[in-house]
Structures are given as C-alpha cells and as structure tokens.
Amino acid sequence: MAIKFEETGDGQYILDVCGYSCPHPQMYTKKALQKMCDGDELTLIFDNPSSGESIQAMLDNEGNELLDKVQGDGSFTWKIRKGA
Amino acid sequence: MKNQEATTATSLDLDTGNKFIDWFSQKQNRHAATIMGLVAICSAWALSNDMRWLYLLVYVWFGLIYGMFLQYGRFCMASAVRDLFAVGVSRMAVGVMIALCLYSMVAAVVNISGFGTFHPHPLGWHIIIGGLIFGFGIIFTGGCASGSLYKTGEGNMASALVLLSISFSQAFFVNLGDWSDKLAPASWTASALDKGMPEELSVEHGWFDQFTAGYIWDLEAATLADMMNVTQPIAKYFLTDSLLVTILPASIILVVLYKAYYCKGYLRRQKIEKQGMTCHLGGVWSMITSSKNTAIAGIGLGIFSGLHVWATGALRESYGIFNFGELLEDMGHTAGLSIQGTVFDPGYWYITTQEAQWGAWVMENVGMDMRSNIFFGMDNGIPNPLINAPGFMSIGIILGAATLALLRREFKWKIPNMETAFFALAGGLLMGIGARIAMGCNIGAFFATVANGDISGWMFLLGMVAGGYLGVQAFNFWMNWRTSQIDDCPL
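The shown structure was predicted, so the numbers you read here are calculated from the model rather than taken from an experiment. (Residues numbered from 1 in each chain as written. Chains lettered and ligands numbered in written order. Predicted model: local features only at pLDDT ≥ 70, side-chain atom pairs only at ≥ 80, totals over all residues. Heavy atoms only, no water.)

A. A look at the packing of aromatic side chains. Residues and elements named next belong to chain B. As enumerated under the stated definition, the model contains 43 aromatic pairs over all chains in all. Ring geometry for Tyr55 against Phe324: centres 5.2 Å apart, planes inclined by 5 degrees, an arrangement best described as stacked. Residue Tyr55 is located in helix α3 (residues 54-72), and its partner Phe324 is located in helix α15 (residues 324-330); the two are separated by 269 residues in the primary sequence. Accessibility expressed as a relative area gives 0% for Phe324, which makes it buried. When the centroid spacing of 5.7 Å and the interplanar angle of 55 degrees are considered together, the rings of Phe140 and Phe475 count as tilted. Placement of the pair is Phe140 in helix α6 (residues 125-141) and Phe475 in helix α21 (residues 456-485), with a sequence separation of 335 residues. A network of ring pairs unites the aromatic residues Phe173, Trp188, Trp207, Phe208, Phe211, Tyr215, Phe375 and Phe376 as a single cluster. Note that Arg269 overlies the ring of Tyr262, its terminal NZ or CZ placed 5.3 Å from the centroid. (Phe/Tyr/Trp six-rings, centres within 6.5 Å; stacked < 30°, edge-to-face > 60°. Helix = DSSP H or I, 4+ residues; strand = E, 2+ residues; numbered from the N terminus. Buried < 20%, exposed > 50% of the residue type's maximum accessible area, 1.4 Å probe, protein only. Lys NZ or Arg CZ within 6 Å of the ring centre and 35° of its normal.)

B. Just the sheet that holds strand β5 (residues 76-81) of chain A, in detail. All names here are of chain A. The sheet built from 5 strands is open, its strands ordered β1-β2-β3-β5-β4 with mixed pairing. Of all strands in the sheet, those bounded by a partner on one side alone are β1 (4-9) and β4 (65-71). Neighbour to neighbour, the strand axes of the sheet diverge by 20 degrees on average, direction disregarded. In this structure, strand β3 (residues 41-46) lies alongside β5, joined through 6 bridges in antiparallel fashion. The partner of Ile45 across the bridge, within β5, is Thr77. (Pairing = 2+ DSSP bridges. Axes fitted to C-alpha atoms, helices over the stretch in contact; angles between N-to-C directions.)

C. Focus on the interface of chain A and chain B. Counting from both sides, the interface comprises 36 residues of chain A and, opposite them, 47 residues of chain B. For the pair chain A and chain B, the summed buried surface comes to about 3400 Å²; carbon and sulfur atoms form 54% of the total. Of all residues in chain A, Met27, Glu53 and Asn61 of chain A give up the largest surface area on contact with chain B, accounting jointly for 19% of the area buried on that side. Taken together, the connections running from chain A to chain B amount to 19 residue pairs in polar contact (both at pLDDT 80 or more). If you list the elements that add at least two residues to the side of chain A that touches chain B, you get α1 (24-35) and α2 (49-62) of chain A. In terms of residue class, the side of chain A that touches chain B is built from 15 nonpolar, 13 polar and 8 charged. (Contact = heavy atoms within 4.5 Å. Buried area = accessible area lost by both parts, 1.4 Å probe. Polar contact = N/O pair within 3.5 Å; in protein donor to acceptor, adjacent residues only side chain to side chain. Nonpolar A, V, L, I, M, F, W, Y, C, P; charged D, E, K, R; others polar.)

D. Up close: empty space enclosed by the protein. Inspection of every chain in the model, using the stated rule, returns 3 cavities of 30 Å³ or more. The space that makes up the largest cavity amounts to roughly 50 Å³. Split by residue class, the lining of the largest cavity holds 4 nonpolar, 5 polar and no charged. (1 Å grid on protein atoms, 1.4 Å probe; cavity = no way out; pocket = protein on both sides within 12 Å on 5 of 7 lines; lining within 4 Å. Points joined across faces, edges and corners; volume = space filled by probe spheres on them.)

E. Structural view of the confidence of the model for chain B. Scored by pLDDT, chain B has a mean of 93; 99% of the residues are at 70 or more. Taken over the whole predicted complex, pTM reads 0.92, whereas the ipTM for its chain interfaces reads 0.90. (pLDDT = per-residue confidence, 0-100.)

F. Spatial organisation of the layout of surface pockets. All names here are of chain B. The volume enclosed by the largest pocket comes to roughly 1100 Å³. As for the largest pocket, its lining consists of 33 residues, and the residues nearest its centre are His119, Phe344, Asp345, Pro346 and Asn380. Where the lining of the largest pocket is concerned, the elements lending two or more residues are α10 (207-214), α14 (292-319) and α17 (374-380). Broken down by element, the residue count for the lining of the largest pocket peaks at 4 residues, all from α17. Taken together, the residues of the lining of the largest pocket break down into 16 nonpolar, 12 polar and 5 charged.

G. Summary view of a nonpolar patch on the surface. All names here are of chain B. A cluster of nonpolar residues, Met227, Met228, Leu244, Leu248, Ile252 and Val256, forms a patch on the protein surface that exposes about 550 Å² of accessible area. It is helix α12 (residues 233-270) that contributes the most residues to the nonpolar patch, 4 residues altogether. Mapped onto the secondary structure, Leu244 falls in helix α12. The exposure class assigned to Leu244 is partly exposed, which follows from its relative accessible area of 38%. (Patch = residues over 30% accessible without salt bridge, like charges linked within 9 Å, V, L, I, M, F, W, Y side chains within 5 Å. Areas by Shrake-Rupley, 256 points an atom, 1.4 Å probe, with all protein chains shown as cover. Salt bridge = Lys/Arg side-chain N within 4 Å of Asp/Glu carboxyl O.)

H. Fine view of the side chain of Glu355 of chain B. Looking at the element boundaries, Glu355 of chain B is found in helix α16 (residues 352-365). Residues in contact with Glu355 of chain B, not counting those within four places in the same chain, are Leu149, Leu163, Ile166, Ser167, Gln170 and Ser394 of chain B.

I. Local environment of the state of the cysteines. All names here are of chain B. What the rule picks out here adds up to 0 disulfides over all chains. For Cys279, which is in no disulfide, the shortest distance to another cysteine sulfur is to Cys263 and amounts to 6.8 Å. Given a relative accessible area of 13%, Cys279 falls into the buried group. (Disulfide = S-S within 2.5 Å.)

J. Representation of the pairing of β5 of chain A within the structure. The side-chain alternation of β5 of chain A yields one buried face, formed by Phe76, Trp78 and Ile80 of chain A, and one unburied face, formed by Thr77, Lys79 and Arg81 of chain A. Taking the residues between adjacent antiparallel strands as the criterion, β4 of chain A and β5 of chain A are bridged by 4 residues, where Gly74 of chain A takes a positive phi near 85 degrees.

K. Spotlight on unusual backbone geometry. A cis geometry characterises the amide bond from Cys22 of chain A onward to Pro23 of chain A, with omega recorded as 0 degrees. Relative to the elements of secondary structure, Pro23 of chain A occurs in the loop between β2 (12-16) and α1. Look at Ser202 of chain B: it is not a glycine, yet its phi comes out positive at around 40 degrees. Even without being a glycine, Met439 of chain B presents a positive backbone phi close to 65 degrees. Take Met439 of chain B: it is sitting in the loop between α19 (418-438) and α20 (442-451).

Following this line, the structure appears as structure tokens:
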C-alpha cells in the first residue's frame, strides 16, 4: 500500500494515497502539484475524510481548481487542475 | 371531503413509512441506528439500576455530541497546527479559535452561576516542555487526542493504535520505577518528602511523583482574574476570564492567521486591487466562514463544552458531592478509588487522564503495582472501565463519530500499514508523555484551560506550536526520503 504517483497521459497525473491518514494525503498532494505544470490535471484518490477539508482549502489558497468530486464508500476521487 | 382528507393522510403515512423502510434498508443507516439504539437501551438499563448513574451518563451523552461535532467539522487540533506549517492552511486553527471564544462565553455564564468545575493549572516551564513533546507527537499520529478518538469512530485503526499508545505510555510514565530517581533534582525529592505524604505512595521513589509533589505542587495556580484580585463577578468572569484571557488573544491570532495565510489568496480570488479596512474585514469573515462545517463544529463544540460544565456542576450540587468517587462509594464500588476516595472526574471535556486509567487498569490486572504513585494512588484512582465516567465520554466520542460517519457514508475500516502503525505508536508515546508533563492534552491543558481564564493554556499552545513546527520539519524529511525509496514515484 505505497503511495502511487504517475503521469498517465499528456499533462494528466494520478496520485493515490488510499490507506494513509493525516498528514500524508494533503502533504503528498501539495508535493505532487509542485511537480506539475500550470494547467496539468491531477486525479487524486484518498480515503481519509479530514484530509479533504485541508486539501480543499489548500487548493483555494493556491489558485488551483477543483473540477470534480466523486465520493465512493468511504473513499474520494477528486479531479484538480493546477492554476497559473 | 372528510374521506378525501383521510385518504391524503393515509397516503402521507404510507409515504413516510416507505421512506423509513428505504432509509433503514441501507446498511450504514441501520448500523448508525443500532449504535444510537444500544446507547439508549444501556442508558435506560443503567438508570433503572440506580438513578445516580445519571452522573456517568451525562459524560456519555456529551461525548456523543462532541464526537458528532468533531466528525462533522473534521475538528482536530493537530491539524490546526500541522496544516499551517505543512500546507499553509489556516482552516482548523480558525475553527479552534471560534470554539474557544464561544466556550469561554458559556463558561463565564456557568462560572457566574456557581456551577463551574474548573481548577486552574500550576504555571511553570513544564507546560511548554510538555506541549512541545505533545505537539511533536501529534504530527506523526495524524490526530490530536480528541481527533484520534473521532477518527477511531470513522474506522481508522491507526487512530485506535494512537489511543492504545497514549493509554499505556501515560500509565507507564506516571509509574516510573526507582531507576528514574536519579533524573529528579535533589530539591524535588526533599520538597516531596516535606509534604508528609502517606507512606504507601513512596513519593521519594519514581520521577513523576517527585516531579508532582516536589515541583508542581510548589507552583502557583490561579486564573488571571485571581492573580489580579478581580472579585466582582462580571469583571472576573466576563471581562477578565472570557474577554481578556480568551477573546482578545484569539482575535489577535485570527488577524495574524488572516494576514499570514489567507489574505493573499482572498485578494486574488476576489480580484481586489484597492485594499482598505472594509475589504480586510470582509476577508476575515470569508476566512471564518470558508469552511462551513468547521465553523459550525466550532460553534457547537464551544457551546456544548460550556453546557457540559453546567450539567456536571448542577448534578454535583444536587447530589451534594465534589467528586464522582463519593457517589461510587455510596453505590458500593470502592475498588477503583484513590486513597482519598476520589476518581478522575474533571466535569468538563477532557481526554488523556481517563485513557491513562484504562492502561493502568489493564496493567494492574496483569499483576503490576500501579497505585504506589500520586497520579493513580492519591488523585485519580483506577476504576473499572465499566464505571469510569470520563472514560465513557471518550467512548461516547468514538460512538458519536461512528454514527455520523456511517450516516455520511464516510465510515471505512482502515487497517494501517507498517509505516502508519509505527508512527501511531511512536507519536502516541510522545503524546502520552507530553500530556502528563503538561498535565493535560490539547483539550485539558489548552482548550478548557484558556476558556476558563487560565493563561497556562496559552503556554501549552506555544509549546504545542513549536513542537508541531519541528514535527513538520521532521516529517518532511521522512517523506522526502520515503518517496526517494519508491520506484516509479517521481515525487
């Protein structure tokens, strides 16, 4: 159950931090976004509900856009576009 | 006409019935209802045995409420400190300040009406040191003391490991053996012996006893109002305890948080070029309301924390007692009492000491001597977990959080991997040690303390913030090393 971060296509990335609780998901999301270029998209998968609140606030602060949110049974898949 | 009304009423009843069946047919809803049903049945059973169990049940019910608000707002003080330094997010720090202000206002009303249960903490360097160790630990556990409880309720077993670690590390730490004597200064040993404590406590043996009797007991403990000799009730409770000690510093912290973490993003999002006072006031309001869940949880926790003090205070007056131990003795449960006939019974939201009692109860039951120390032997006792009132508050928090998490489809059993399990145990160990040195955790040593006009709580926060900062640096270092070890992970 290691962290998974990879480029799946042109400007498309996936970060899977399922199984990890705070502070891993938000810190890895920040780190992943730093590695991406403006306009790139990240599919983030996590299952620690409290991290979602922090990630949402972090995206707002840094001008990144949350394109989509899907909630499964205890896990979350968010689509994020890195802002300029 | 009457027939038509009757038909409409019947169809509404059927509709409501069908909706209920639909709701109940979903597994998560059924589990949530089962938890609440079991709490109701157990409460009724306890009261039917002896109405005085009401005292214990108040802890359970407030625990349920705390658990629901904590889960609803993902309210965790570890996140308040950690997210500031780790990801530049002030959401939780803001929520804590809102809760603190409201708690202090309700506490002022409760204290003025004579039902207060709070006792100020001795003021000394130990609070900052304990806060620092605690603050370092919470970065690795992923939650503070109450945060770990609500996350356990969400099915997070790493948080359950944190609770386990906090429980045993505290029990072990307050009962350190003779080998730890050399760590205590001679002045502490002499001062502890001067107190003329009962022989069975052997206060000259064990670091924590000498720390308690030889250092802590020699310190002053008073609220700011008491230090300033403010006696007029309004001036004492509202103007000094609430306004001066809590609301004013909390407001300053909110302004600092706004300037340091929120202002830049707010101005960009609002496309504001010309800044003025109105714009910044709007920004502060936007920061407070940016996470509705956190703000609502802050309001709820603040108000109910105050009401909890009132409810326990009113029950104590009604039963004519100062401590739950007196009720337990009347009911014939004397085995877990301290030599003073007391048990731990703060009368307000508190987390760590009851967990230490759980650990000590297990250790005692496997044959260890856990009572020849001041912490358990003289102050808190080691009651059976089934009659440990504050312990049930912690269980209430877990159950309240589990109920809401199930209803919100956020409950998920999560078994930790080795890395998370190690951090949970190691961080929990530090949290336990820090909490005992500081005489409480982020709730008992900070939240409840500041809200009741005791400035020692701000000292704990100072230590916790410093520990949190160091913890984030250490965690970053670990994270960078960890990702460098994973193949195909370009982080």
